[in-house]
Amino acid sequence: MNRMRATASCIRWAAFLILILVLLPTGTLRASRLPIKTYTTADGLARDFVTCVEQDSRGFLWFCTAEGLSRFDGYQFTNYHVEEGLPANFVSDFLQTKTGVYWCATPGGLARIDPAGSGPSRFRKYP
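Quick caveat, the model's predicted, so the values are computed rather than measured.

The rules we used
- Residues numbered from 1 in each chain as written.
- Predicted model: local features only at pLDDT ≥ 70, side-chain atom pairs only at ≥ 80, totals over all residues.
- Heavy atoms only, no water.
- Helix = DSSP H or I, 4+ residues; strand = E, 2+ residues; numbered from the N terminus.
- Buried < 20%, exposed > 50% of the residue type's maximum accessible area, 1.4 Å probe, protein only.
- Areas by Shrake-Rupley, 256 points an atom, 1.4 Å probe, with all protein chains shown as cover.
- Pairing = 2+ DSSP bridges.
- Axes fitted to C-alpha atoms, helices over the stretch in contact; angles between N-to-C directions.
- Salt bridge = Lys/Arg side-chain N within 4 Å of Asp/Glu carboxyl O.
- Disulfide = S-S within 2.5 Å.
- Contact = heavy atoms within 4.5 Å.
- Polar contact = N/O pair within 3.5 Å; in protein donor to acceptor, adjacent residues only side chain to side chain.

Summing up its helical and strand segments, the protein chain has 1 helix and 8 strands in all. Scanning the protein chain from its N terminus toward the C terminus, one meets helices and strands in the order α-β-β-β-β-β-β-β-β. When each of the 127 residues of the protein chain is scored for burial, the buried share is 26%. Within the structure as shown, the protein chain displays about 9,200 Å² of accessible surface, and the carbon and sulfur contribution to it stands at 59%.

Right, here's the structure in full:
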């Protein structure tokens, strides 16, 4: 009987030590700060005033600004304005649907974006 109590006591102590060893490292881990980069017109952003930022399924960041739509690929910006087919330069929102279609909202109406298109044919306007 004493032997069973001693075995049970050893098992409890072993479980306790394993629990301590598992939990102890998590308490000593430190959170690290991620680098933050601020982008401006000097970096190629269409305008410093940004109304919306969205990431698409391919990893591009889309910035809606008061002077157009900016797409960031991680290295450089590609900007789209009225000259490229936007209904208006002020872009208030951006959306990618589940089927992969891109939309942006402007005061001049909605625009469906065809990334493979070029020039004004890239945008289909819906006033």
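On we go.
Spatially, the 4 strands line up as an open sheet ordered β1-β2-β3-β4, and their pairing is antiparallel. In this open sheet, the two edge strands, each paired with only one partner strand, are β1 (50–55) and β4 (77–80). Going across the sheet, the axis of each strand differs from the next one's by a mean of 20°, ignoring polarity.

With that settled, the discussion passes to the pattern of salt bridges. Enumeration over the complete set of coordinates arrives at 2 salt bridges. Across the pair K37 and D43 runs a salt bridge, and its minimum N-O distance is 3.9 Å. Here E67 ties to R47 by a salt bridge, and the two come within 3.4 Å at their closest N and O atoms. Of the two residues, E67 is situated in the loop between β2 (61–65) and β3 (68–72) and R47 in the loop between α1 (2–28) and β1; the sequence distance between them amounts to 20 residues.

In the structure shown here, the tally under the stated rule is 0 disulfides. Its sulfur unpaired, C64 is 4.3 Å from the next cysteine sulfur, which belongs to C52. Sulfur of C104: no disulfide; nearest cysteine sulfur belongs to C64 and is 7.0 Å away. Note on C104: relative accessible area 1%, which makes it buried.

Here we have 4 strands laid out as an open sheet, ordered β5-β6-β7-β8, and antiparallel in their pairing. Two strands close off the open sheet at either side, each with one partner strand: β5 (93–96) and β8 (123–126). Taken over all neighbouring pairs, the strand axes of this sheet differ in orientation by 20° on average, direction set aside. Sheet analysis places strand β6 (residues 102–106) next to strand β7 (residues 109–113), joined by 5 bridges and oriented antiparallel. Bridging from a neighbouring strand, T106 pairs with G109 of β7.

Here W62 shows up in strand β2. W62 sits 33 residues away from L95 along the chain, and the two C-alpha atoms are 9.3 Å apart. In this structure, W62 is in contact with C52, V53, E54, D56, L69, S70, R71, Y80, F94 and Y102, ignoring residues within four places of it in sequence. For W62, the side chain forms a polar contact with the side chain of D56, separated by 3.0 Å.

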